[in-house]
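So you can see what is in the structure, the chains are spelled out below.
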Amino acid sequence: MSRPLTARQQHVFDFIVKTMGEFGYPPTRAEIAKALGFRSPNAAEEHLRALERKGVIRIIRNTSRGIRLPNQEPQEIIDPTVAALPANIDSIPTGLPVIGEVAAGSPILAAEHIDRYCPLPPEYFTPKADYLLRVRGLSMKDIGILEGDLLAVHRTERVRDGQIVVARLDDEVTVKRFKRQGHQVTLFAENNDFAPIEIDLRSQSLEIEGVGVGVIRGGNGQALG
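Residues numbered from 1 in each chain as written. Predicted model: local features only at pLDDT ≥ 70, side-chain atom pairs only at ≥ 80, totals over all residues. Heavy atoms only, no water.

On to the overall build of the protein chain, then. When its secondary structure is counted, the protein chain shows 3 helices and 11 strands. Counting from the amino terminus, the protein chain carries its helices and strands in the arrangement α-α-α-β-β-β-β-β-β-β-β-β-β-β. Classification of the 225 residues of the protein chain by burial places 48% in the buried group. Summed over its atoms, the accessible surface of the protein chain is roughly 11,500 Å², and 51% of this surface lies on carbon and sulfur atoms. (Helix = DSSP H or I, 4+ residues; strand = E, 2+ residues; numbered from the N terminus. Buried < 20%, exposed > 50% of the residue type's maximum accessible area, 1.4 Å probe, protein only. Areas by Shrake-Rupley, 256 points an atom, 1.4 Å probe, with all protein chains shown as cover.)

Another point: the pattern of salt bridges. Following the criterion strictly, the structure yields 9 salt bridges and no others. The partner of D130 in a salt bridge is K128, and the shortest N-O contact between them spans 2.8 Å. Residue classification places K128 among the partly exposed residues on the basis of a relative accessible area of 38%. Ionic pairing is found between E209 and R168, a salt bridge with its closest N-O pair at 2.8 Å. Here the residue E209 occupies a position in strand β11 (residues 207-216), and R168 occupies one in strand β7 (residues 164-169), the gap between them amounting to 41 residues. Accessibility assignment for this pair places E209 and R168 in one class, buried. Connected through salt bridges with shared partners, the residues R29, E45 and R49 form a single ionic network. (Salt bridge = Lys/Arg side-chain N within 4 Å of Asp/Glu carboxyl O.)

Below is the structure:
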């Protein structure tokens, strides 16, 4: 570090580290602004540029979560933002399976659900991705998960409040933000047009299929979400 951080810069840096530790990916400018009381994401951007000049972070241009710590190795970086799909995706039968429509009651990785394979190594994401789920609808658009995107998913039943999860409700699979309080689970959309989904675990079934660890922009066709 070339110069000491100001108090405000330290708050921004601490929030970045905290977010990456809790969720596995860095915050957006809007999330920094909201958490620290800035008037706009532009104010957060100014602090990020100052932190970059002082050598405590690296900024990856043109990505909403393009914030890196200097000691991060490439394979340790997860970024739920934009990545280009290789042009020859359909010709390579290895890599991460791309999951399209999921039939009611069947395992999400059943062979009939796999549209094709994306030639990205699982370790491109941290924690590693087990599959890519095609997003349907705009319920998560406010955090940049859009219709037709591919959501990288790490298979796990363990989930923390605030994480983006792939959840199965009865026979429906959905992508939402998770929060639990006792027996009550709330699945939040990131779009004010969609109401939260309330689940009482004492009387309703909920299965967590995994947590989102990244988004690839550039999928096409019908989708889940």
